[in-house]
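What follows is the residue order along each chain.
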Amino acid sequence: MTIKEYELVANWWKNEAPQRLAAKVKPYLKAGMIVLDAGAGTGLLAEQLTGLDLIIDGIDNSPDILKQARKKEIYRHLNVGDLRLVLPLSHQYDAIVSA
């Protein structure tokens, strides 16, 4: 993959993918729902869901990336965890989203 190809893919994931996914899930989300953002990353998907009056928790395996998400003040809780493992979740969720 060339640098230009990489930049195109990275730009799509940063700008277009969260918007498209949010548009698909928004009709199923209702105000007050508790939602888990699995693989939260920097919070790009959660940013697209603001304004829906959701309670959003996030999980990601990178503490450094979650620092960026935490700065956005979107999440109720952010936790470090590996989605490939069975996770001891302390909350029940109405929906799980992932980008």
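Residues numbered from 1 in each chain as written. Predicted model: local features only at pLDDT ≥ 70, side-chain atom pairs only at ≥ 80, totals over all residues. Heavy atoms only, no water.

Overview of the environment of Asp 57
Move 1: Looking at where Asp 57 falls in the secondary structure, it is placed in strand S2 (residues 55-60).
Move 2: Counting along the chain gives 17 residues from Asp 57 to Ala 40, while the straight-line C-alpha distance between them is 8.7 Å.
Move 3: Sequence-distant contacts of Asp 57, that is, excluding residues within four places in its chain, are made with Val 35, Leu 36, Asp 37, Tyr 75, Arg 76, His 77, His 91 and Tyr 93.
Move 4: Within polar-contact distance, the side chain of Asp 57 engages the backbone nitrogen of His 77 at 3.3 Å. (Helix = DSSP H or I, 4+ residues; strand = E, 2+ residues; numbered from the N terminus. Contact = heavy atoms within 4.5 Å. Polar contact = N/O pair within 3.5 Å; in protein donor to acceptor, adjacent residues only side chain to side chain.)

What to know about the pattern of salt bridges
Move 1: Tallying each qualifying case throughout the model produces five salt bridges.
Move 2: A salt bridge links Glu 16 to Arg 20; the nearest nitrogen and oxygen atoms lie 2.5 Å apart. Of this pair, Glu 16 and Arg 20 both sit in helix H1 (residues 3-25), four residues apart, which is roughly one turn of the helix.
Move 3: With a shortest N-O distance of 3.7 Å, Asp 64 and Lys 67 are connected by a salt bridge. You can see Asp 64 and its partner Lys 67 sitting in helix H3 (residues 63-71), three residues apart, about one turn around the helix.
Move 4: What makes Asp 64 exposed here is its relative accessible area of 53%. (Salt bridge = Lys/Arg side-chain N within 4 Å of Asp/Glu carboxyl O. Buried < 20%, exposed > 50% of the residue type's maximum accessible area, 1.4 Å probe, protein only.)

Here we look at the pairing of S2
Move 1: Where burial is concerned, most of S2 is hidden: five out of the six residues are buried.
Move 2: Examined bridge by bridge, strand S1 (residues 34-38) and S2 share five bridges and lie parallel to one another. Across the sheet, Val 35 pairs through a bridge with Ile 56, a residue of S2.
Move 3: The handedness of the S1 to S2 crossover, carried by helix H2 (residues 44-49), is right-handed.
Move 4: Where S2 and strand S3 (residues 77-80) come together, four bridges link them in parallel fashion. If you follow Asp 57 over to S3, its bridge partner there is His 77. (Pairing = 2+ DSSP bridges. Right-handed = clockwise from strand over helix to strand, strands pointing away.)

Here we look at the nonpolar core
Move 1: Core analysis: the largest hydrophobic core is formed by 18 residues, its most contacted members being Leu 29, Val 35, Leu 49, Leu 54, Ile 56 and Tyr 75.
Move 2: Examining the composition of this core, we find that three residues originate from one element, H2, more than from any other.
Move 3: Look past the residues within four positions of Leu 54 in its chain and what remains in contact with it is Leu 29, Lys 30, Met 33, Val 35 and Leu 49. (Core = buried A, V, L, I, M, F, W, Y, C linked by side-chain atoms within 4.5 Å.)

Comments concerning the side chain of Asp 60
Move 1: Position of Asp 60 relative to the elements: it lies in strand S2.
Move 2: In this structure Asp 60 is buried but unpaired, with Arg 84 as the nearest side chain of opposite charge at 11 Å.
Move 3: Engagement of the side chain of Asp 60 in a polar contact is seen with the backbone nitrogen of Ala 40, the distance being 3.5 Å.
Move 4: When neighbours within four sequence positions are excluded, Asp 60 is seen to be in contact with Gly 39, Ala 40, Gly 41, Leu 66, Asn 79, Val 80 and Gly 81. (Lys, Arg positive; Asp, Glu negative; His and termini not counted.)

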